[in-house]
Amino acid sequence: MQRILVTGGAGFIGSNFIQYMINTYKEVEIVNLDKLTYAGNLNNLRSVERDDRYSFFQGDIADRQLVNEILCCKKFDTIVNFAAETHVDRSINRPDDFLKTDIFGTFALLEAARQSDIKRYLQISTDEVYGSISEGSFSEDSSLTPSSPYSASKGGGDLLCLAYYKTYGLPTIITRAANNYGPFQYPEKIVPLFITNALEDQPLPLYGDGSQVREWLHVEDHCRALDAVLQNGRPGEIYNIGGYCEEKNRVIAETIVDLLKKPRELITYVDDRPGHDVRYSIDSGKVKSLGWQPQISLEEGLSKTVAWYKKNRKWWQEIKNTEYKNYYKTQYGRRLAHAKA
Ligand code: NAD
Ligand code: TYD
């Protein structure tokens, strides 16, 4: 039996990963440590919550005593750290928790891991640490030039992981993935925000002129890549995980309204995000050499994702009735009023 500590497993990618591992492997036991911030949702894990191989523990990765106790009591083979504050717009409004979780929380986990005899520590990171690139793609050796408090904090966590490998020999591996989309994504990120707004005939607030480019990766392809890295990746290494498809935000918005047969007039151009990165692009050749490649095209993935949000209204409507209401008003109220004027 392989025992894995997953942190942040009640969020979007973490919950998809837990479901993927439990459904793919018999001999795996997963403990999910999650603080249950606004983004953590135990409804994401209904399909595995009764499985004997899965258990949940509510707690903060930045709580050093708690993390030490968890790693001392149970012997884990692997730690997979998804726990983070993740939304760029929130990091612009209030960076504090980003530094606490994404940097200090990573430090607390690494320190506890150093006192244990884990075989792998996998840090889930992002292509945003490289910053924007106008032509070509970033490789794992590219320097870090993050633009937002979110990407700067994630970069800080990455650097700590590299230092713990070099200094203490802790078997850390870093993965840097492109923009993910798919089921169970909190509707603050562009894809689920635009799908759910369109379903409610609400405006789709597109920043600036909508010409910014992101590389898109379906969350199931991401989970398969993480599995390949856990099996065949080398400690001390970094692996980019891209979806091999880049697209402008404007095209993403148009595709979503077209799939839902809604009018394109719902797309509303609003004031741009400060420090908005123009284009993300990564070279994923290294992770491909581990035997992985994406299986879901953007066209197929968006269509499946739209179908999932159509079918799972209750899931996202419950979220939209929580703190999300205030967040949405603060983030978009003035922007949308301004756009209409
Ligand atoms: P998410 O915001 O959906 O979920 C984050 C989870 O972490 C939540 O369950 C939350 O409760 C938990 N959490 C936050 N602070 C915590 C703390 N201090 N202690 C314990 N748990 C805490 O995020 P996501 O989109 O699933 O992203 C997961 C990871 O993947 C993050 O590290 C993110 O940087 C990285 N990533 C995300 C994307 C993307 O497009 N979403 C792309 C590349 C990398
Ligand atoms: P987002 O989903 O926040 O991911 P990230 O900033 O981490 O890439 O945003 C993806 C792109 O979509 C980004 O260029 C900003 C843009 N965007 C909008 O145009 N409108 C929105 O309401 C949001 C949330 C994002």
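Described below are features of the structure shown in this document.

Procedures and definitions
Residues numbered from 1 in each chain as written. Chains lettered and ligands numbered in written order. Predicted model: local features only at pLDDT ≥ 70, side-chain atom pairs only at ≥ 80, totals over all residues. Heavy atoms only, no water. Helix = DSSP H or I, 4+ residues; strand = E, 2+ residues; numbered from the N terminus. Rg over C-alpha atoms; globule rule 2.2 N^0.38 Å. Buried < 20%, exposed > 50% of the residue type's maximum accessible area, 1.4 Å probe, protein only. Contact = heavy atoms within 4.5 Å. Areas by Shrake-Rupley, 256 points an atom, 1.4 Å probe, with all protein chains shown as cover. Lys, Arg positive; Asp, Glu negative; His and termini not counted. Charge placed at Lys NZ, Arg CZ, Asp CG, Glu CD. Near = heavy atom within 4 Å. Polar contact = N/O pair within 3.5 Å; in protein donor to acceptor, adjacent residues only side chain to side chain. Pairing = 2+ DSSP bridges. Axes fitted to C-alpha atoms, helices over the stretch in contact; angles between N-to-C directions. Expected span 1.5 Å × (residues − 1). Bend = angle between axes of the 7 residues up to and from the residue.

Further remarks concern the overall build of the protein. Helix and strand counts for the protein stand at twelve helices and twelve strands. Against the globule reference of 20 Å for 341 residues, the protein gives a C-alpha radius of gyration of 19 Å, in line with a compact fold. Taken over the C-alpha atoms alone, the protein extends approximately 60 × 45 × 35 Å along its principal axes. Here the protein holds 341 residues, and 55% of them are scored as buried. Across the protein, the fraction of contacts at a sequence separation of at least 24, relative to all contacts at a separation of at least 6, is 84%. In the structure as shown, the protein presents an accessible area of about 14700 Å², 49% of it carried by carbon and sulfur atoms. In the protein, 42 side chains carry a positive charge and 45 a negative one; their mean positions are 3 Å apart.

Attention shifts here to the site of ligand 1. The environment of ligand 1 is formed by 28 residues, the closest being Ile-13, Asp-34, Thr-86, Tyr-150 and Lys-154. Within the contact set of ligand 1, an oxygen atom lies 3.5 Å away from a backbone nitrogen or oxygen of Leu-36. Lys-154 is positioned such that a nitrogen or oxygen atom in its side chain is 2.7 Å from an oxygen atom of ligand 1. Here ligand 1 has 840 Å² of accessible area as a free molecule, and 97% of this is covered by the chains. Looking at the shell around ligand 1, the elements with two or more residues in it are helix H1 (12–24), strand E5 (120–126), helix H5 (149–168) and strand E7 (179–181).

The buried fraction of E5 is high, at six of seven residues. Two strands pair when backbone bridges link them, and strand E4 (residues 78–81) and E5 are joined in this way by four bridges, in the parallel orientation. When the bridges of E5 are listed, Thr-78 appears paired with Arg-120. Pairing of E5 with strand E6 (residues 172–177), which is carried by six bridges, proceeds in the parallel orientation. Residue pairing across strands places Leu-122 opposite Ile-173, the latter belonging to E6.

Spatial strand order, E7-E9-E11: three strands in an open sheet with mixed pairing. Among the strands making up the open sheet, the edge pair consists of E7 and strand E11 (246–248). Adjacent strand axes in the sheet meet at a mean angle of 50° when their direction is disregarded. Direction of pairing for strand E9 (residues 213–218) relative to E11: antiparallel, over a ladder of three bridges. Bridging from a neighbouring strand, Val-213 pairs with Lys-248 of E11. Relative to E9, helix H7 (residues 219–232) is tilted by about 70°, and along the sheet it contacts E7 and E9. Sheet strands in contact with helix H10 (residues 298–311) are E7, E9 and E11, and its direction is about 45° off that of E7.

Following the sequence through the fold, Ser-116 ends up in the loop between helix H4 (96–114) and E5. A polar atom in the side chain of Ser-116 sits 2.8 Å from the backbone oxygen of Ala-113.

The end-to-end C-alpha distance of helix H12 (residues 324–340) is 22 Å, a good match for the 24 Å that 17 residues give at a rise of 1.5 Å each. Along H12, the sharpest change in direction is near 45° and occurs at Tyr-332. Tyr-324, Tyr-327, Tyr-328, Gln-331, Tyr-332, Arg-335 and Leu-336 are the residues of H12 that are buried. Buried residues belonging to H12 abut helix H3 (88–93), helix H6 (190–199), strand E8 (204–207), strand E12 (267–270) and helix H11 (313–320).

Treat this as a map of the structure, not an account of what it does.
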